[in-house]
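So you can see what is in the structure, the chains are spelled out below.
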Amino acid sequence: MKIEVWQGDITTLAVDAIVNAANETLLGGGGVDGAIHRAAGPELRDACERLALVRPGVRCPTGEVLATEAFALPARHVFHTVGPVWHDGHRDEPALLANCYWKSLQLAEKLEVRSIAFPAISCGVYGYPLYQAAQIAATETIAWQRGHREPRRIILVAYNSATFKAYQQALLAAGQPVEEACPAERSAQDMRIATALE
Ligand code: AR6
């Protein structure tokens, strides 16, 4: 097993689950959240709206994750998680970000997800320093794979080359070889075939 790094648009991936970097309302937003809602179609917002409020305006507290169907997306599930807003690093941001990865992987195991793709949670609007976030993504996913069989395919999706490099560096620093990274030009069709073959 290995952690893969892939540069591109997460909405094109035909994996079992893609993770959305949402906000606590789960009613959509900009960045990857906006892209996922656009590609999934309006049923995704309806499905999110039906999820129970845990307190006013909050369906998914920071660091937690909830699943919906993926509707028009090539993936099967969308896992909505809410990363922390970066303040100064002393407001539990690292532990909350680690929870986004770990709890998504726990949910993946529960739903028998064999392939999962993560965007760089909190690294856009929420302002988490890129390399520190990449270290958390690498540490959590590697630790998960050491102790679990599924999901056997974990893909860290970088939308730009700076994020791609940060993942490569963080995985290398954690002792994970990066030459097995999923090639950037690999199409959704290829991903579907590869997943089916595993
Ligand atoms: N595929 C993969 N990654 C993407 C895509 C895409 N199509 N589009 C953007 N990214 P952000 P956050 C990358 O801001 O920081 C929303 O409004 C992007 O380059 O989407 O967790 C929510 O509703 C960056 O590296 O998420 C929340 O209010 C990463 O995805 C808030 O933003 C995350 O950037 C969440 O902020």
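Residues numbered from 1 in each chain as written. Predicted model: local features only at pLDDT ≥ 70, side-chain atom pairs only at ≥ 80, totals over all residues. Heavy atoms only, no water.

### Things to note about the environment of glutamate 93
- The topology assignment puts glutamate 93 in helix 3 (residues 93-110).
- Judged by relative accessible area, glutamate 93 falls into the buried class, the value being 1%.
- Not counting residues up to four positions away in its chain, the partners in contact with glutamate 93 are Pro84, Val85, Trp86, His87, Asp88 and Tyr128. (Helix = DSSP H or I, 4+ residues; strand = E, 2+ residues; numbered from the N terminus. Buried < 20%, exposed > 50% of the residue type's maximum accessible area, 1.4 Å probe, protein only. Contact = heavy atoms within 4.5 Å.)

### A short note on the state of the cysteines
- Inspection of every chain in the model, using the stated rule, returns 0 disulfides.
- A disulfide-free cysteine, cysteine 48 has its sulfur positioned 9.7 Å from the sulfur of cysteine 60, the nearest such atom.
- When its relative accessible area of 0% is taken as the criterion, cysteine 48 is described as buried.
- We note that cysteine 60 lacks a disulfide partner, and the nearest cysteine sulfur, in cysteine 100, lies 7.9 Å from it. (Disulfide = S-S within 2.5 Å.)

### A few points about helix 5 (residues 161-173)
- Across its 13 residues, helix 5 extends 18 Å between first and last C-alpha, which sits within 8% of the 18 Å expected from 1.5 Å per residue.
- Turning to helix 5, its buried residues number three or more, namely Thr163, Phe164, Ala166, Tyr167, Ala170 and Leu171. When helix 5 is viewed along its axis, its buried side chains cluster within an angular range of 160° and face the same direction. Set apart from the buried face of helix 5 by more than 90 degrees, the exposed residues are Lys165, Leu172 and Ala173.
- Immediately downstream of helix 5, the backbone of glycine 175 shows phi near 85°, a positive value. (Expected span 1.5 Å × (residues − 1). Arc of directions from axis to C-beta.)

### Looking at the nonpolar core
- Ranked by internal contacts, the top residues of the largest apolar core, which has 33 residues, are Phe79, Tyr101, Ile116, Phe118, Leu156 and Tyr167.
- Every element with two or more residues in this core is listed here: strand 1 (2-7), strand 2 (17-21), helix 3, strand 5 (115-118), helix 4 (130-147), strand 6 (153-158) and helix 5.
- Aside from chain neighbours lying at most four places away, what touches leucine 156 is Ile3, Glu4, Val5, Trp6, Tyr101, Phe118, Ala137, Thr141, Tyr167 and Leu171. (Core = buried A, V, L, I, M, F, W, Y, C linked by side-chain atoms within 4.5 Å.)

### Section: the confidence of the model for the protein chain
- Across the protein chain, the average pLDDT comes to 92, with 89% of residues at 70 or higher.
- For the stretch residues 191-198, pLDDT sits under 50, and the model shows 17 contacts to residues farther than four places along the chain or on other chains. (pLDDT = per-residue confidence, 0-100.)

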